[in-house]
Each structure stands twice: as structure tokens, then as C-alpha cells.
Amino acid sequence: MSGENKGEEVQGFKGFNHDWTCRDFQYAEGQTYTTDAEVVRCAAGGFHSCENPLDVFGYYPPGRSRYATVITSGKICRDEEDSKIASASITVGAELSIPKLVEAAIAWVTKNAKAVEAVEAEHSKGD
């Protein structure tokens, strides 16, 4: 299932190859990129990033990748698989080290955690 929003601005995180490329597209810190192509998550259209900082590791593994904050806007396409999105516009912010990415992940989880009513289960009654 996919969803899209045409006017939203989303702060996120993006992984890159060591040379600041992603799928043969060259990026640079501080630059904004836009496309008129159809924005489709996990397809060639749009610029991809993740809302959850740790989801970038599923696409760009630590040790041989770079990571940065991004701000995405315009048409945005999501689905329920993970926090990866596609957008019509992306601005690349500052590069993040792994410790800073983990710090951002803790803040993201804290911000997005929702309280739920506890349900007593059999496994929680034992020693």
C-alpha cells in the first residue's frame, strides 16, 4: 500500500556511496535537487531517503557509505514496509557520523513512540 502527500516537508536521512553518489546521481552537501519525474518509492522516480535514521543501513551499509540529514518536499510517496520515502525535492544537509546517526535514531524513536495500553500476557507472569 502506498501513500502520497503533495505539500509536506519531511526531515529525514539519506545514505550515499563513498563518493556522494546514489544510483549514479551525484549529490553534494548543501545542494537542493528537484525532479518533474513521477515520484514512486523504490523506483527510478524521485529522490529517496528515510525518516527513521537507522533504516538507511538497509540501503547503504556502514563502513563504506556516507550519511546526511535531508529535507524533502513536494510530492512524497510512502508505504508501510519501512520509513523510506520518495520525494520530488531533496536538500542535502550536513554529513553525519555513525554516532550522530545513532543519536538521531534515539531522538526519532523517542519522538515517535506511542503509549499503548498494556495487555497482561502469560509470558509476563513467570519468573
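Going by the structure above, here's the rest.
Residues numbered from 1 in each chain as written. Predicted model: local features only at pLDDT ≥ 70, side-chain atom pairs only at ≥ 80, totals over all residues. Heavy atoms only, no water.

Undergrad: Sorry if this is basic, but what is going on with the nonpolar core here?
TA: Grouped together as the largest cluster of nonpolar side chains are 18 residues, with contacts concentrated most on Y27 and V92. Contributions of two or more residues to this core are made by β2 (10-17), β6 (47-50), β7 (65-79), β8 (84-96) and α1 (98-112). Setting aside its immediate chain neighbours within four residues, V92 contacts F16, W20, Y27, A28, E29, G30, Q31, Y33, A68, T69 and V70. (Core = buried A, V, L, I, M, F, W, Y, C linked by side-chain atoms within 4.5 Å. Buried < 20%, exposed > 50% of the residue type's maximum accessible area, 1.4 Å probe, protein only. Helix = DSSP H or I, 4+ residues; strand = E, 2+ residues; numbered from the N terminus. Contact = heavy atoms within 4.5 Å.)

Undergrad: I would appreciate a short explanation of the side chain of S83 in the present structure.
TA: Tracing the sequence through the fold places S83 in the loop between β7 and β8. Polar contacts involving the side chain of S83 include one to the main-chain amide nitrogen of N52, which spans 2.8 Å. In this structure the side chain of S83 is engaged in a polar contact, spanning 2.6 Å, whose partner is the side chain of D55. Ignoring any residue separated from it by four or fewer positions in sequence, one finds S83 in contact with S49, C50, E51, N52 and D55. (Polar contact = N/O pair within 3.5 Å; in protein donor to acceptor, adjacent residues only side chain to side chain.)

Undergrad: How do you make sense of the pattern of salt bridges when you look at a structure like this?
TA: Should their charged atoms come close, side chains of opposite charge can pair. Counted under the stated rule, the structure contains five salt bridges. The shortest N-O distance in the salt bridge between R41 and D82 comes to 2.4 Å. Of this pair, R41 sits in the loop between β5 (32-34) and β6 while D82 sits in the loop between β7 and β8, placing them 41 residues apart in sequence. For R41, a relative accessible area of 8% gives the class buried. Across the pair E51 and R78 runs a salt bridge, and its minimum N-O distance is 3.0 Å. With E51 in the loop between β6 and β7 and R78 in strand β7, the pair connects residues that are 27 residues apart, well separated along the chain. Since its relative accessible area comes to 19%, E51 is described here as buried. Connected via shared salt-bridge partners are R41, D79 and D82. (Salt bridge = Lys/Arg side-chain N within 4 Å of Asp/Glu carboxyl O.)

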